[in-house]
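Coordinates in review
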Amino acid sequence: MYKIRVRKRDIMAEKFSSEKAFSKKKMFATIRMIGEGVKNYPINFFFLVFVNIFESIFFSTTTIVVREMTEAINNTVDQTSQFWGMSIHWTVWIYIGIGFYLCLLFFDFFTNFLSQLFAKKLEIHLRQKALSHIVNIDISYYSKNQIGLIMSRIINDTENVGSAFNDFFLNLIYMIASMTTTLIIMYSIDVKLASIATGWLFFMFAVIWVIFVYYRRALITAVDVRQSIDADITDRLINVRLIKSSGSEIRETNRNIDLHKKYDTKQQKVIGWQSILVVFNNAMAWMLPASMVMISVLMYESVKTPAELSVIITTFTSASFNLLTNLMVLTMTMRGMTRAANCTMRLNYIFDAKSIMEFSDEPIKIDSIDSVEFKNVGFSYPESPKNQILPEINISFDKGKSYAFVGETGVGKSTIAKMLLRFYDATKGEVLINNIDIKKLDLPNYLSLVGYVEQEPQILYGTILENVMYGLKNVDKKDVIEACKKAKLHSYIDTLPDKYDTILGERGFMFSGGQKQRLVIARLFLKNPQLLILDEATSALDNIVEKEIQKELDELMKNRTTIVIAHRLSTIKNVDNIIVLERNIGIGQIGTFDKLKNEPGRFQKLYKYGLLK
Ligand SMILES: Nc1ncnc2c1ncn2[C@@H]1O[C@H](COP(=O)(O)OP(=O)(O)OP(=O)(O)O)[C@@H](O)[C@H]1O
């Protein structure tokens, strides 16, 4: 029994504009994402937390050193202070202070080192996870989502989650440890003054929180605009031929300037809120120590000796500086939290996208393709489920025979190829390979027996050798040369200075259409597939090149089950069976070329009106 695991029947498209509201769900999602880093790199993380806590405690205890030193200096008898039953001279306090300072530097170095390391590891982990997710997801995801937007998110948001983690999590730990230590010290010295400082802190925290609500929204909007520009740029670069061939360079440049104007406006808002925050922090930074001095004098001038008063004033001024540093840290924490939450939300648009395909838990491997059958197959694209492309279709393809699908444009010929490659599953009925539902097969194993040539050959940036070998195991250069000879490409490659090591540009820019087709054909000679699918493989070529390529294809087709999707007469003339697809009917006619040519029906019309060229 083979179980079919049904995944969520829901294609989630990437969102172009992110949700603005902050929610608990998003916060937990952020923590979960950082948690993935913790799970994968626990030693790095725990050392980091450890040194960070120590750094913050060392920083806060400087207040004690300041207080003890002031007390010792004010002690006119022997210039010592009493600390935990010991009399310590003020000069010794200087050495202790230097010791604390050096420890602080030591911990500061390791906090920085380990935090950067953790952030980068988290970034790499998320990049790999995102890439693995988007190559595994089914092809319909790409009909709804812009490549540029996905790329922008993978590149920027994974990096930002890492750095935002440093801002958020480390500063949070630092702040909690340091603020707690400072407040404990303050309360142990003077409860009233410590309470006033605490009240002050709460007030500042409330104001900073409000500012952050607006800052977050402005930031989300600005990043949305930038990412949609990134997506737009990628799209234009992919289609640079269109820009060049239509002379649209200036129009494109101006369009880009306009798009960036919008980004500029949105960024001004973000910068505005950031500046308000800085001014507020600075205003408070000046006021708190001054207020502490004034309040200390007003409260204690008449009840304490000048020496006691000077100890209180120095200690509280030093402590309030520590608190203010913590407040700066709080701002960074909140900024980090904002960025981390925003990036997580956008990355989750990618991670939450579910595949709509059904995969068997125990996929079946096959050694050969002996039969191919469409049994009661009906199909609508998941992207537009109401539009039925193929009504019920029944047909079987015999081993070693060739078949050609013909029909008007948009009737669903390429859809047949897409189902055989399992880009899509039939909405109704079954596609059977060796009488097994294609859904139950081990897909990589099945596809290793299938060869596919399409109108626009897929060429990757890399050498000719890498491109011919792509997706194949256990092949060497000798085999590649042999295959290129069969595809009549070798003599051309031989004229290139770097021969098989010649780098083909992006999507094979360096090759002509015919050469690209030949490269794909060479790949298939090398692969030696049992099922060959030719989807309008020669329709983009001129007649002369097409004739040459067709010879190579005929050679490739020999004794292989071949399914051709065709527009050209020359492609289908020699196939064993022609299948005529008709809209809303499905298969209208089947027969050899000679039979259908002489039989009244759709095929004769296509033939007579020259629709098959
Ligand atoms: N991803 C998709 N989502 C929704 N509809 C689609 C999708 N891909 C194709 N279609 C529609 O499905 C129909 C059949 O497309 P298909 O590419 O199979 O036609 P075809 O017969 O090969 O056409 P042509 O001869 O022009 O290449 C078309 O109407 C097309 O618009």
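Here the structure is a predicted model, which means the values were calculated and not measured. (Residues numbered from 1 in each chain as written. Predicted model: local features only at pLDDT ≥ 70, side-chain atom pairs only at ≥ 80, totals over all residues. Heavy atoms only, no water.)

Looking at the site of the ligand
Close to the ligand lie 16 residues; Thr-409, Gly-410, Gly-412, Lys-413 and Thr-415 are nearest. Measuring from a nitrogen atom of the ligand, one finds a side-chain N or O atom of Glu-383 at 3.4 Å. In the model, a nitrogen atom of the ligand is placed 3.4 Å from a nitrogen or oxygen of the Tyr-424 side chain. Computed on the free molecule, the ligand has an accessible area of 640 Å², of which 70% lies beneath the protein chains in the complex. (Near = heavy atom within 4 Å. Polar contact = N/O pair within 3.5 Å; in protein donor to acceptor, adjacent residues only side chain to side chain. Areas by Shrake-Rupley, 256 points an atom, 1.4 Å probe, with all protein chains shown as cover.)

Considerations on the sheet that holds strand 5 (residues 371–380)
Judged by pairing direction, the sheet is antiparallel, and its 4 strands sit side by side in the order 6-5-8-9 without closing on themselves. Where the open sheet ends on each side, the last strands, each with one partner, are strand 6 (388–398) and strand 9 (436–437). As paired elements, strand 8 (residues 428–433) and strand 9 share 2 bridges and run antiparallel to each other. Residue pairing across strands places Leu-432 opposite Asp-437, the latter belonging to strand 9. (Pairing = 2+ DSSP bridges. Helix = DSSP H or I, 4+ residues; strand = E, 2+ residues; numbered from the N terminus.)

A word on the confidence of the model for the protein chain
The predicted model of the protein chain averages 85 in pLDDT, with 94% of residues at 70 or higher. Segment residues 1–12: pLDDT under 50, and 37 contacts once partners within four positions in sequence are set aside and those in other chains are kept. Two numbers describe this predicted complex: its pTM, 0.75, and its ipTM, 0.97. (pLDDT = per-residue confidence, 0-100. Contact = heavy atoms within 4.5 Å.)

Here's the deal with helix 6 (residues 147–189)
Counted at 1.5 Å a residue, the expected span for helix 6 with its 43 residues is 63 Å, and the 61 Å between its end C-alpha atoms agrees. The largest bend in helix 6 amounts to roughly 30 degrees and is located at Phe-165. (Expected span 1.5 Å × (residues − 1). Bend = angle between axes of the 7 residues up to and from the residue.)

Digging into the sheet that holds strand 13 (residues 531–535)
The strand order 10-13-14-7-15-16 describes an open sheet built from 6 strands, whose pairing is mixed. Each edge of the open sheet is held by one strand with a lone partner, namely strand 10 (450–454) and strand 16 (586–591). This sheet shows a mean twist of 15 degrees between the axes of neighbouring strands, independent of strand direction. The sheet contact formed by strand 7 (residues 402–406) and strand 14 (residues 561–565) spans 4 bridges and is parallel. Bridged to Ser-402 within strand 14 is Thr-562. In this fold helix 16 (residues 513–527) packs onto strand 10 and strand 13, with an angle of close to 175 degrees to the strand it touches most, strand 10. (Axes fitted to C-alpha atoms, helices over the stretch in contact; angles between N-to-C directions.)

Section: the UniProt feature "domain: ABC transmembrane type-1" (unreviewed entry) in the protein chain
Taking the UniProt record as the reference, the feature "domain: ABC transmembrane type-1" (unreviewed entry) is found at residues 46–339. Each end of residues 46–339 is marked by a C-alpha atom, and these two atoms are 23 Å apart; helix forms 89% of the span and strand 3%. (UniProt positions renumbered as here; feature names shortened; annotations may be inferred.)

Overview of the domain arrangement of the protein chain
Accessible area lost on assembly of the parts is the figure often given for the size of an interface. Segmenting the protein chain into domains produces domain 1 (24–351) and domain 2 (371–608). Taking the mean C-alpha position of each, domain 1 and domain 2 sit 56 Å from one another. Facing 8 residues of domain 1, the contacting portion of domain 2 comprises 7 residues. Each partner contributes to the roughly 610 Å² buried at the junction of domain 1 and domain 2, and carbon and sulfur atoms together form 58% of this total. Scanning the region where domain 1 abuts domain 2 turns up 0 salt bridges. Run the count over domain 1 and domain 2 and you get 0 residue pairs in polar contact (both at pLDDT 80 or more). Sorting the residues of the side of domain 1 that touches domain 2 by element identifies helix 5 (140–144), helix 7 (191–238) and helix 8 (240–245) as the ones contributing at least two each. With 3 residues, the top contributor of residues to the side of domain 1 that touches domain 2 is helix 5. In the side of domain 1 that touches domain 2, the residues fall into 4 nonpolar, 2 polar and 2 charged. (Domains from an automatic or database assignment. Buried area = accessible area lost by both parts, 1.4 Å probe. Salt bridge = Lys/Arg side-chain N within 4 Å of Asp/Glu carboxyl O. Nonpolar A, V, L, I, M, F, W, Y, C, P; charged D, E, K, R; others polar.)

Here's the deal with the environment of Asp-425
Within the element layout of this structure, Asp-425 appears in the loop between helix 11 (413–420) and strand 8. In terms of polar contacts, Asp-425 uses its side chain to reach the side chain of Arg-422, at 2.7 Å.

A short note on the packing of aromatic side chains
Scanning all chains against the criterion turns up 28 aromatic pairs. An angle of 75 degrees between the planes, with centres 5.4 Å apart, marks the rings of Phe-106 and Phe-107 as edge-to-face. Taking relative accessible area as the criterion, Phe-107 reaches 12% and is therefore assigned buried. Site record: aromatic cluster; members linked through ring pairs are Phe-50, Phe-54, Phe-58, Phe-100, Phe-106, Phe-107, Phe-109, Phe-110 and Phe-113. The ring of Phe-351 is capped by Lys-129, whose NZ or CZ atom sits 4.4 Å from the centre of that ring. The ring of Phe-359 carries Arg-422 above its face, with NZ or CZ at 5.1 Å from the centroid. (Phe/Tyr/Trp six-rings, centres within 6.5 Å; stacked < 30°, edge-to-face > 60°. Buried < 20%, exposed > 50% of the residue type's maximum accessible area, 1.4 Å probe, protein only. Lys NZ or Arg CZ within 6 Å of the ring centre and 35° of its normal.)

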